[in-house]
Protein chains: 2
Amino acid sequence: MTYCLGVLLEAGVVMAADSRSNAGVDQVAHVSKQTLISVPGERVISILSSGNLATSQAVTSQILHDAGKGHAGTDVKACDGLFEVAGLVGERLREVTERDARFVEPYGDPTASFLVGGQVRGEQPRLFQVYPAGNFIEATARSPFLQIGETKYGKPILDRTLTHASALAEAAKLALLSFDATLRSNLSVGAPIDMLIYARGSLAIDGLRTFEESDPYWRDLRRAYGEGLAALVAGLPPPPGMP
Amino acid sequence: MTYCLGVLLEAGVVMAADSRSNAGVDQVAHVSKQTLISVPGERVISILSSGNLATSQAVTSQILHDAGKGHAGTDVKACDGLFEVAGLVGERLREVTERDARFVEPYGDPTASFLVGGQVRGEQPRLFQVYPAGNFIEATARSPFLQIGETKYGKPILDRTLTHASALAEAAKLALLSFDATLRSNLSVGAPIDMLIYARGSLAIDGLRTFEESDPYWRDLRRAYGEGLAALVAGLPPPPGMP
């Protein structure tokens with residue numbers, strides 16, 4: 001399983017993915033689920049993937065293969081905005097599904113989902129979720145985060161605390177807390193977390209971080225949050241009329 | 001959708017269910033998902049259900065119909081311990097599934113799940129989860145809570161704070177926080193929450209509570225928790241090296 005989170009902020013975009021791949025019980029590997037495409041000063045695109053690893057890798061590999069070749073409609077570096085990039089991911093996904101799905105289905109689920117976030121010069125930062133059907137939706141200021149994979153455990157903390165107006169560093173912190181909730185409740189999602197912290201207008205990848213389980217900041221954050229939450233809950237009164 | 005939670009404590013059992021039933025967009029009703037059977041001084045049994053409402057009601061209605069009739073194997077009031085009650089629920093579920101499932105499948109999922117908790121004189125308090133297949137598992141001191149339905153949003157808070165040694169009132173409070181997380185993240189789970197707070201050895205239903213959305217205690221609890229969590233998170237440092 002996988003957990004990927006994309007956050008759309010006034011200040012930029014945060015794109016985070018765990019790195020556990022589970023292809024059967026005898027093979028648990030770490031795989032990068034974040035594909036980065038950048039033309040400094042011109043565009044930064046992050047593609048996060050969940051679902052069938054062969055399917056998602058076929059999609060991103062083809063997109064990387066065609067990048068920079070200059071063919072309209074297939075070159076991610078020539079796409080006219082992030083909407084077109086999301087459409088390209090959806091098209092590639094449909095092609096792979098058309099070709100492979102019926103062969104894969106006897107063995108497992110062939111589908112995959114993607115988050116596509118970043119900025120192309122001349123646009124605001126944008127964030128999309130591409131469904132297994134190849135269609136897609138866009139994040140907005142009112143629903144500023146999108147999730148794919150094992151999404152539920154890490155959603156309540158975001159629902160309570162994250163807004164479009166949150167600062168980049170604040171969103172990065174909340175993303176780590178959301179991943180912590182997911183990792184605690186589901187063993188199939190695993191560290192390290194790959195996180196792009198993209199500042200609006202920078203049009204450069206300079207905020208790419210990998211948080212290992214042993215990362216001192218993340219470790220201290222987890223401990224402080226866990227202790228703080230325990231103290232908070234312990235201080236709340238029990239229902240009235242109970243012994 | 002539904003969220004049901006059973007907690008097995010040294011001090012007793014907490015059984016909680018939301019009351020939203022969604023049978024199509026034009027019919028959102030409140031339904032009791034908690035079936036109580038008690039023989040004061042002798043046994044208290046709570047059955048919580050999720051899944052197809054016709055299936056789960058067929059199961060509990062048949063069990064209530066046969067209760068007290070004294071027929072071995074079908075009378076829940078004659079079952080020799082809670083293990084046998086869980087087995088009876090599983091048997092009834094298999095009968096309903098055998099009879100109805102193929103007719104229901106064209107319209108939706110016919111399956112249902114149950115939590116069975118309480119105490120029969122001569123035993124400790126016990127808690128079981130009955131799967132759609134009719135087989136079942138038991139909660140233990142090391143995994144003291146079981147959930148059915150929309151389980152994931154409300155799991156992290158329990159993973160962090162609930163133990164077998166928690167007091168009854170503490171567990172009731174944590175259950176309400178778990179439901180709050182679920183209600184916030186999923187509109188298909190709805191108040192009021194029906195909660196049995198059963199004290200070990202009492203062998204009586206005297207801790208049955210209904211928490212409406214407007215319940216002053218629950219409202220204050222939600223607000224205090226939300227504000228406390230926001231303050232806690234705001235006080236945690238952002239990742240180092242960020243503006």
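Just so it is clear, the model here is predicted, and its values are computed rather than measured.

This brings us to the sheet that holds strand β12 (residues 208–211) of chain A. Residue and element names in this part refer to chain A. Pairing within the open sheet is antiparallel, and its five strands lie in the order β10-β1-β2-β11-β12. At either end of the open sheet lies a strand with only one pairing partner, and these are β10 (145–149) and β12. Direction aside, neighbouring strands of the sheet carry axes that sit 10 degrees apart on average. In the sheet, strand β2 (residues 12–17) pairs with strand β11 (residues 193–199) via six bridges, with the strands oriented antiparallel. When the bridges of β11 are listed, Met15 appears paired with Leu196.

Another point: the interface of chain A and chain B. Every contact between the two is made by 39 residues of chain A and, on the other side, 39 residues of chain B. Summing both partners gives a buried area of about 3,600 Å² for chain A against chain B, and 68% of it is carried by carbon and sulfur. Summed over the three residues of chain A that lose the most area to chain B, namely A:Lys152, A:Arg160 and A:Leu236, the buried surface amounts to 19% of that side. Put simply, chain A and chain B have four salt bridges between them. Its salt-bridge partner being B:Lys152, residue A:Glu150 comes within 2.8 Å of it at the nearest N-O pair. Linking chain A with chain B are 16 residue pairs in polar contact (both at pLDDT 80 or more). Contributions of two or more residues to the side of chain A that touches chain B are made by α3 (155–161), α4 (168–185) and α5 (216–235) of chain A. With 11 residues, α4(A) is the largest single contributor of residues to the side of chain A that touches chain B.

The rules behind the values
Residues numbered from 1 in each chain as written. Chains lettered and ligands numbered in written order. Predicted model: local features only at pLDDT ≥ 70, side-chain atom pairs only at ≥ 80, totals over all residues. Heavy atoms only, no water. Pairing = 2+ DSSP bridges. Helix = DSSP H or I, 4+ residues; strand = E, 2+ residues; numbered from the N terminus. Axes fitted to C-alpha atoms, helices over the stretch in contact; angles between N-to-C directions. Contact = heavy atoms within 4.5 Å. Buried area = accessible area lost by both parts, 1.4 Å probe. Salt bridge = Lys/Arg side-chain N within 4 Å of Asp/Glu carboxyl O. Polar contact = N/O pair within 3.5 Å; in protein donor to acceptor, adjacent residues only side chain to side chain.

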